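# What the coordinates show
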Amino acid sequence: MPVNLHVRNVDDDIALALKKRAAENGRSAEAEHRYILERALIDNRRADALRAMEALRRATAGVRHTPSEVLVRETRDEN
């Protein structure tokens, strides 16, 4: 369920910049604000995921990996 967020004490220059950016992107200031929030959160999650993947790569560097099709075949052969 969507909620309403109210941002108080926003500097006039920031509010004007938001309106200008919204107009340039063909959106209302409210839609632009939502877009900025969504992008910030998505980009943050993506950065966290990339850091986790890089840590996994480092942790498994030099380790021999068995291809998944080999593991599946071995599991089928056991049954």
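Starting from 1, residues in each chain are numbered consecutively following that chain's sequence as written. Owing to the predicted nature of the model, reporting of local features is limited to residues with pLDDT of at least 70; listing and counting of side-chain atom pairs is limited to 80 or more, with chain, interface and lining totals taken over all residues. Processing note: side-chain calculations cover all non-hydrogen atoms of the structure and skip hydrogens and water entirely.

## Some points on the overall build of the protein chain
When helices and strands are counted, the protein chain shows three helices and zero strands. Along the chain direction, N to C, the helices and strands of the protein chain fall in the order α-α-α. Expressed along its principal axes, the backbone C-alpha trace of the protein chain runs to roughly 65 × 30 × 25 Å. Using a 1.4 Å probe, accessible areas were evaluated by the Shrake-Rupley method; residue-level cover was limited to the displayed protein chains. Entry remark: accessible area of the protein chain is about 7,500 Å², with carbon and sulfur atoms responsible for 54%. Here the protein chain contributes 15 positively and 14 negatively charged side chains, and the mean placements of these two sets differ by 1 Å. Secondary structure elements follow DSSP: runs of H or I no shorter than four residues count as helices, runs of E no shorter than two count as strands, and numbering proceeds from the N terminus. Lys and Arg are tallied as positive, Asp and Glu as negative. Neither His nor the chain termini are counted. For this purpose, a charge sits on NZ of Lys, CZ of Arg, CG of Asp or CD of Glu.

## Side note on the pattern of salt bridges
Between Lys or Arg on one side and Asp or Glu on the other, a salt bridge is scored when a side-chain nitrogen of the former is within 4 Å of a carboxyl oxygen of the latter. Here the structure, examined in full by the defined rule, presents nine salt bridges. Notably, a salt bridge pairs Asp-43 with Arg-46, separated by 3.4 Å at the nearest N-O pair. Residue Asp-43 and its partner Arg-46 are located together in helix H2 (residues 29–59), separated by three residues, close to a single helical turn. Burial classes: relative accessible area under 20% of the type maximum marks a residue as buried, over 50% as exposed, and values in between as partly exposed (1.4 Å probe, protein chains only). For Arg-46, a relative accessible area of 47% translates into the label partly exposed.

## Quick word on the side chain of Glu-32
Tracing the chain through its elements places Glu-32 in helix H2. Those residues in contact with Glu-32 that lie beyond four places of it in its chain are Leu-18, Arg-21, Ala-22, Asn-25 and Arg-27. Contacts: residue pairs with any heavy atoms within 4.5 Å of one another.

## Some words on unusual backbone geometry
One non-glycine residue, Asn-9, lies in positive phi territory at about 60°. Turning to its location among the elements, Asn-9 is positioned in the segment before helix H1 (12–24). Given a relative accessible area of 81%, Asn-9 falls into the exposed group.

## Looking at the confidence of the model for the protein chain
When the pLDDT values of the protein chain are averaged, the result is 91; 100% of them are 70 or greater. Across the chain, each position has a pLDDT score giving the predictor's confidence in that residue, from 0 to 100. Of all secondary-structure elements in the protein chain, the lowest mean pLDDT belongs to helix H3 (residues 68–78), at 90, while H1 reaches the highest, 96.

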